[in-house]
Amino acid sequence: MQTIKKGRVILIDIRNISLDSSRRVIVISDIHASLSLFKKLLKNLNYSEEDYLFINGDLCEKGLNSLELVHYVQWMDKNLQRVFITKGNCDVVFRHVFRGNDIGRQYLNARQKSIMHEMIASTGQSFSEEMPLNKASSIFQDNFEQEIEWLESLPIAYETDDFIIVHAAIDELWPNTDEVTALYTPAFYEKGHSVDKTVIVGHWPVINYRTKEISTHNPIIDLDNNIIAIDGGNQIKASGQLNGLIINHGQYSFTYVDELKDPIIVKQTYNDSLGWIGSVNYPYYQIEPIKKEQYFTLCKNINANIQQWVKNEFIAEKNDGYYCKEGVSTTTVSVDKGEEIYILDDNCEGYILIKKRDGIIGWVPKYCF
């Protein structure tokens, strides 16, 4: 299989490796330019050079430190024996500029938090409508050829005796998987696969799968269907987190870090009797109100074909119907007096949206605080 890199043909790269089963395996994906969060997660994981560390794509974009993170992971790649990095779709966005098409300009206009803007800014310039794409391309190649070559050199997947690590997805005829499938496929967990190994992916925030489940960014570890999805929505959702999957002697666990600060203490216990679960997630935002109550409205989620209680403030009417303004939890939760929680939204009537220490996101009455 082949793909084009800066006008040259290169081979798709899938690498097979054997692991020492006595060592821990750690998998992290979708760091999205969050260097401080990445370092914090490694510390919380008690990561050491004795562990295997897989970084499963999307080092770049959406956060503030794409270049700095790339340089840090490059150092790890060069100096640490058991670090393995795969390529993600956000790691090769500069290809659009190299091709000189409108997508490159549109992307630069829309995404200010991009490695490409960081590259241009490092030369004392900034991208504008007046800057020709070939000039931006020259800046990248003249000043950052080494970083670009390294990012392009990353494989699309690693395969071990027990699992496959790939950013987004595999084809059914594995290992005959092309780069577009491996880097860009949405919602792989919903599609599934028939390979007799566990496939570990990032790319698609796991909360998008939880329309009918308790709202959380925690990894999906589904060993019955041989899929583990770990993208915690870092830098995509305000409630998002950076997940670290741990494989230790065949056992799977995880920990996470996020950017939420200043937890508050619950003043009054609340035992949830509503029992609502789920969330409104991309791309299923269109809803049909059924019954409006004081704080929430019972809605039919058109695309998901389920009923959900949506907080009234998140419902908007447009020309073609009603929509949820953004992704939001439709889960209600219990809290205990003295418990530490994080507030996500306290601007609504009657209820506050919180995130608990275990990662669950939901609504509780304001009187608890």
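Residues numbered from 1 in each chain as written. Predicted model: local features only at pLDDT ≥ 70, side-chain atom pairs only at ≥ 80, totals over all residues. Heavy atoms only, no water.

**Student:** Quick question: what am I supposed to make of the overall build of the protein here?
**Tutor:** Check the secondary structure of the protein and you find nine helices and 24 strands. Rg of the C-alpha trace for the protein: 22 Å, near the compact-globule value of 21 Å for 369 residues, within the 12% margin. Each of the three principal axes of the protein carries a C-alpha extent, and together these read 60 × 55 × 40 Å. Long-range contacts, defined here as pairs at least 24 residues apart, represent 63% of the contacts in the protein between residues at least 6 apart. Just so you have it, the protein exposes about 16,900 Å², and 45% of that area is on carbon and sulfur atoms. The positive charge centre, built from 37 side chains, and the negative charge centre, built from 50, are 3 Å apart in the protein. (Helix = DSSP H or I, 4+ residues; strand = E, 2+ residues; numbered from the N terminus. Rg over C-alpha atoms; globule rule 2.2 N^0.38 Å. Contact = heavy atoms within 4.5 Å. Areas by Shrake-Rupley, 256 points an atom, 1.4 Å probe, with all protein chains shown as cover. Lys, Arg positive; Asp, Glu negative; His and termini not counted. Charge placed at Lys NZ, Arg CZ, Asp CG, Glu CD.)

**Student:** Whenever I open this one, the sheet that holds strand β19 (residues 315-318) confuses me. Can you help?
**Tutor:** Think of a sheet as strands paired side by side through backbone hydrogen bonds, with each pair either parallel or antiparallel. Pairing in this open sheet of five strands is antiparallel, and the strands run β18-β17-β16-β20-β19 from one edge to the other. Two strands close off the open sheet at either side, each with one partner strand: β18 (306-311) and β19. When strand polarity is set aside, the average angle formed by the axes of neighbouring strands in this sheet is 50°. Sheet topology note: the strand β16 (residues 286-292)/strand β17 (residues 296-301) ladder contains five bridges and is antiparallel. (Pairing = 2+ DSSP bridges. Axes fitted to C-alpha atoms, helices over the stretch in contact; angles between N-to-C directions.)

**Student:** Please clarify how unusual backbone geometry should be interpreted in this entry.
**Tutor:** In terms of backbone geometry, most residues other than glycine have negative phi values and most peptide bonds are trans. With an omega of 10°, the peptide bond between Trp-174 and Pro-175 qualifies as cis. With respect to the element layout, Pro-175 can be found in the loop between β8 (163-166) and α8 (179-184). Going from Tyr-282 to Pro-283, the amide bond is cis rather than trans, its omega being 0°. Looking at the element boundaries, Pro-283 is found in the loop between β15 (279-280) and β16. Phi at His-203 takes a positive value of approximately 75°, unusual for a residue other than glycine. Tracing the sequence through the fold places His-203 in the loop between β9 (198-201) and β10 (220-222). Given the relative accessible area of 15%, His-203 is considered buried. The residue His-249 is not glycine, and still its phi comes out positive at about 55°. (Buried < 20%, exposed > 50% of the residue type's maximum accessible area, 1.4 Å probe, protein only.)

**Student:** What should I look at first to understand the sheet that holds β9 in this one?
**Tutor:** Ordered in space as β3-β7-β8-β9-β11-β10, the six strands form an open sheet in which the pairing is mixed. The two strands at the open ends of the sheet, each matched to only one other strand, are β3 (14-16) and β10. Geometrically, the sheet is characterised by an average inter-axis angle of 15° between neighbouring strands, direction not taken into account. Pairing of β3 with strand β7 (residues 157-159), which is carried by three bridges, proceeds in the parallel orientation. Residue Asn-16 lies in a different strand from β7, and its bridge partner there is Glu-159.

**Student:** Explanation requested: the packing of aromatic side chains in the structure shown.
**Tutor:** A full pass over the atoms with the stated rule returns 18 aromatic pairs. Plain terms: the ring middles of Phe-84 and Tyr-158 are 5.3 Å apart, the flat faces sit at 70° to each other, and that makes the pair edge-to-face. A residue pair is termed long-range when its members are at least 10 positions apart, and Phe-84 in strand β6 (residues 83-86) and Tyr-158 in strand β7 qualify at 74 residues. Taking relative accessible area as the criterion, Phe-84 reaches 16% and is therefore assigned buried. Relative to Tyr-367, the ring of Tyr-270 has its centre 6.4 Å away and its plane inclined at 80°; by these criteria the two rings are edge-to-face. Taken together, the residues Tyr-270 in the loop between β14 (264-265) and β15 and Tyr-367 in the segment after β24 (361-365) connect sequence positions 97 residues apart. A residue is classified by how much of its surface remains accessible, and Tyr-270, at 9% relative accessible area, is buried. Residue Tyr-367 is classed as partly exposed on the basis of its relative accessible area, which comes to 47%. (Phe/Tyr/Trp six-rings, centres within 6.5 Å; stacked < 30°, edge-to-face > 60°.)

**Student:** Before we go on, may I ask you to explain the nonpolar core in this structure?
**Tutor:** Side chains that are nonpolar tend, in soluble globular proteins, to be buried together. Membership of the largest hydrophobic core comes to 69 residues, with the highest contact counts inside it found for Ile-28, Phe-38, Leu-53, Leu-59, Met-116 and Phe-140. Ranked by size, the runner-up nonpolar core spans 27 residues in total, among them Ile-207, Ile-315, Cys-324 and Ile-341. (Core = buried A, V, L, I, M, F, W, Y, C linked by side-chain atoms within 4.5 Å.)

**Student:** In this structure, what is going on with helix α4 (residues 102-110)? I would like to understand it.
**Tutor:** What α4 keeps buried is the set Gly-104, Arg-105, Tyr-107 and Leu-108. What you see down the axis of α4 is that its buried residues fit within an arc of 160°, all on one side. Among the exposed residues of α4, those pointing more than 90 degrees away from its buried face are Asp-102, Gln-106 and Ala-110. The secondary structure elements touched by the buried residues of α4 are α3 (94-99), α5 (115-121) and α6 (133-143). The N-capping residue of α4, defined by a side-chain oxygen 3.2 Å from the backbone nitrogen of Ile-103, is Asn-101. (Arc of directions from axis to C-beta. Polar contact = N/O pair within 3.5 Å; in protein donor to acceptor, adjacent residues only side chain to side chain.)

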